[in-house]
Amino acid sequence: NEELRTYYQDLSLEMPHSQIIEKMFSLVQSSAGSARTRNPEVTTGEDLEITKLALEEGRKLLNNGSYHEALLKLQTASQEPQLNFEAKVLMMRCYLYLKDMDAVLLTYQNLDIKDQRLNSDALYVIYEISRHYEEAKDHRKALQLLQLIARNDITYKDTFQKIELLSIEVNSASNED
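Residues numbered from 1 in each chain as written. Predicted model: local features only at pLDDT ≥ 70, side-chain atom pairs only at ≥ 80, totals over all residues. Heavy atoms only, no water.

S.K.: What's the story with the packing of aromatic side chains in this structure? I'm lost.
M.R.: Working definition: an aromatic ring pair is given by the centre-to-centre distance plus the angle between the planes. The final tally for this structure, using the stated rule, is two aromatic pairs. Sitting above the plane of the tyrosine 124 ring, arginine 93 keeps its charged end 4.1 Å from the centroid. (Phe/Tyr/Trp six-rings, centres within 6.5 Å; stacked < 30°, edge-to-face > 60°. Lys NZ or Arg CZ within 6 Å of the ring centre and 35° of its normal.)

Encoded structure:
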């Protein structure tokens, strides 16, 4: 089972956009989790500590520029519901540094962001995604992301100014239709 987990974890790094591989990796992870719960020696608290450790190791690897290795640790941490949001935000940072915007967008689409207080990592990632949409001339999506940032921190970078400019763009595009 460990070999399968490692295999799909490696594959998911090579092909981060593949939903099939992501589902297989999740399936292998969940079967490993159910095997652990059948083992009375390993408690849920210990599992949480292991995934917290994976999250912290992933953060250190990210900060040291070891993005691929960080992704491996962060994928493990993202399997724990309590750590999923934070781990995926850090994964998106890795993908940004690796210049893999498709992986960033796919991860963002699968992120449950409602009711989350956005920390500086999340603000950074969302801001970068908004820049991507703005460069792609998808002003409506860029504006929505900037508004999300503003709800959490109106003073973040030039968010307020960009909201004003993009609002004009979106309104003028709506009037042309």
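S.K.: Sorry, what's going on with the pattern of salt bridges here?
M.R.: Side chains that differ in sign of charge can pair as their charged atoms come close. Enumeration over the complete set of coordinates arrives at ten salt bridges. Of the charged contacts in the structure, one is a salt bridge between arginine 93 and aspartate 121, with a shortest N-O distance of 2.7 Å. In this pair, arginine 93 sits in helix α5 (residues 84-97) while aspartate 121 sits in helix α7 (residues 120-135), placing the two residues 28 residues apart along the sequence. The salt bridge involving glutamate 134 is made with lysine 162; its shortest N-O contact spans 3.0 Å. Here the residue glutamate 134 occupies a position in helix α7, and lysine 162 occupies one in helix α9 (residues 159-176), the gap between them amounting to 28 residues. Taking the relative accessible area as the measure of exposure, glutamate 134 reaches 25% and is therefore partly exposed. (Salt bridge = Lys/Arg side-chain N within 4 Å of Asp/Glu carboxyl O. Helix = DSSP H or I, 4+ residues; strand = E, 2+ residues; numbered from the N terminus. Buried < 20%, exposed > 50% of the residue type's maximum accessible area, 1.4 Å probe, protein only.)

S.K.: So what exactly am I meant to see when it comes to the side chain of threonine 51 here?
M.R.: In this fold, threonine 51 is placed in helix α3 (residues 44-63). Not counting the four nearest positions on each side in its chain, threonine 51 is found in contact with Thr76, Ala77, Glu80 and Leu83. (Contact = heavy atoms within 4.5 Å.)

S.K.: In this structure, what is going on with unusual backbone geometry? I would like to understand it.
M.R.: In this model, lysine 99 sits at a positive phi of 60 degrees, which is unusual for a non-glycine residue. A positive phi angle, near 65 degrees, is found at aspartate 115, a position not held by glycine. As for its position among the elements, aspartate 115 is in the loop between α6 (101-109) and α7.

S.K.: Please clarify how the side chain of asparagine 152 should be interpreted in this entry.
M.R.: Relative to the helices and strands, asparagine 152 resides in helix α8 (residues 139-152). Within the local environment of asparagine 152, its side chain forms a polar contact with the backbone oxygen of leucine 148, the two atoms lying 3.0 Å apart. Excluding its chain neighbours within four sequence positions, the residues that come into contact with asparagine 152 are Gln116, Arg117, Leu118 and Leu123. (Polar contact = N/O pair within 3.5 Å; in protein donor to acceptor, adjacent residues only side chain to side chain.)

S.K.: Sorry, what's going on with the environment of serine 167 here?
M.R.: Topologically, serine 167 is positioned in helix α9. When the C-alpha positions of serine 167 and glutamine 144 are compared, they lie 9.9 Å apart, and in sequence the two are 23 residues distant.

S.K.: What is the right way to look at the environment of leucine 148 in this model?
M.R.: By secondary structure assignment, the location of leucine 148 is in helix α8. Residue leucine 148 is classed as buried on the basis of its relative accessible area, which comes to 13%. Remark: the alpha-carbon pair of leucine 148 and isoleucine 126, spanning 22 residues in sequence, is separated by 8.4 Å. Ignoring anything within four residues of it in the chain, the contact list for leucine 148 reads Tyr108, Ile113, Leu118 and Ile126.

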